[in-house]
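Residues per chain, in single letters:
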Amino acid sequence: MTPNPYPAPNPYPAPVPPQGSGSNKTTILLVVGGLALFCLCGVPAGFFLWASTLPESGVIPGNQLGDENRARVTKRAPLEEGEAIIAYYDTTMSVDGSEVAVLTTKRLIYWKGTTLSTMRNEEIVRLTREELVGTDFVTAISADGRLIRVELAPLNDGQVFIDGLEQATGLRMNGAAKSKGAGSANEEPGPEPEPTEPAPAPRKRHK
């Protein structure tokens, strides 16, 4: 009997791995890695690029104020002769000029929308400062009870505005007036001396 030259087929063939599985995993890893890299680098870079196109924000000293903002002040509250801007602060997130506080050598100016408030520096009799979660709320109070409140957000150089307001008015936040020398009307009077009893007269000795 002639032996069969062809072996019988294996009833349990070894599984064949699917074609292209390795390349699919590589593609997925590349996509995930690219998304992660974009989130880590692309989003912050895009944010800073967008922020760089916005107008300058924060408290701006008068000597650094741009022409656009200076023209905005001139339009809303024309400066008097000899009046100079000390500090300018746009309180809006979009820096669109719709809500602005301006400190000059003569006035504190604040506008919101179409409402404009002004207070001359010599009319201010008290300054108060409250802090809440890093935000400073500064209020100027006049002798007749009028108020102008300025909200200085964190990381906006609010101290520049506060220092300028104290210097322009001669007042301290939450306190009395600054001393301007002996005999000044703004100097806080010291405590009155306590009355002293006169020394008793010496008693005469009778002989």
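All of the points below concern the structure found in this document.

Okay, the nonpolar core next. Leu108, Ile124, Leu127, Val150, Leu152 and Phe161 are the most contacted members of the largest nonpolar core, which has 20 residues in total. Other than its neighbours up to four places away in sequence, Ile124 contacts Leu108, Met119, Ala140, Ile141, Ser142, Thr169 and Leu171.

We now examine the sheet that holds strand 4 (residues 107–112). Whenever strands of a sheet pair, they do so through backbone hydrogen bonds, lying parallel or antiparallel. Spatial strand order, 1-2-3-4-5: five strands in an open sheet with antiparallel pairing. For this open sheet the edge positions go to strand 1 (59–61) and strand 5 (115–120), each flanked by a neighbour on one side alone. The sheet shows a mean angle of 15 degrees between the axes of neighbouring strands, direction not considered. In this structure, strand 1 lies alongside strand 2 (residues 85–90), joined through three bridges in antiparallel fashion. Counterpart to Pro61 in the pairing with strand 2 is Ala87. Taken strand by strand, helix 2 (residues 67–76) contacts strand 1, strand 2, strand 3 (99–104), strand 4 and strand 5, and its axis lies near 95 degrees from that of strand 2. Where helix 3 (residues 158–169) meets the sheet, its contacts fall on strand 1, strand 2, strand 3 and strand 4, and the angle it forms with strand 3 comes to roughly 40 degrees.

Turning to the pattern of salt bridges, a few remarks are in order. When the charged atoms of two side chains with opposite charge come close together, those side chains can pair. Evaluation of the coordinates by the stated rule reveals nine salt bridges. Here Arg146 ties to Glu123 by a salt bridge, and the two come within 3.0 Å at their closest N and O atoms. Of this pair, Arg146 sits in the loop between strand 7 (135–142) and strand 8 (147–152) while Glu123 sits in the loop between strand 5 and strand 6 (124–132), placing them 23 residues apart in sequence. We classify Glu123 as partly exposed; its relative accessible area is 30%. Residue Arg149 pairs with Glu130 through a salt bridge whose shortest N-O separation is 3.7 Å. Here Arg149 is found in strand 8, whereas its partner Glu130 is found in strand 6, with 19 residues between them in sequence. For Arg149, a relative accessible area of 46% corresponds to the partly exposed category.

Each value, and the rule that gives it
- Residues numbered from 1 in each chain as written.
- Predicted model: local features only at pLDDT ≥ 70, side-chain atom pairs only at ≥ 80, totals over all residues.
- Heavy atoms only, no water.
- Core = buried A, V, L, I, M, F, W, Y, C linked by side-chain atoms within 4.5 Å.
- Buried < 20%, exposed > 50% of the residue type's maximum accessible area, 1.4 Å probe, protein only.
- Contact = heavy atoms within 4.5 Å.
- Pairing = 2+ DSSP bridges.
- Helix = DSSP H or I, 4+ residues; strand = E, 2+ residues; numbered from the N terminus.
- Axes fitted to C-alpha atoms, helices over the stretch in contact; angles between N-to-C directions.
- Salt bridge = Lys/Arg side-chain N within 4 Å of Asp/Glu carboxyl O.

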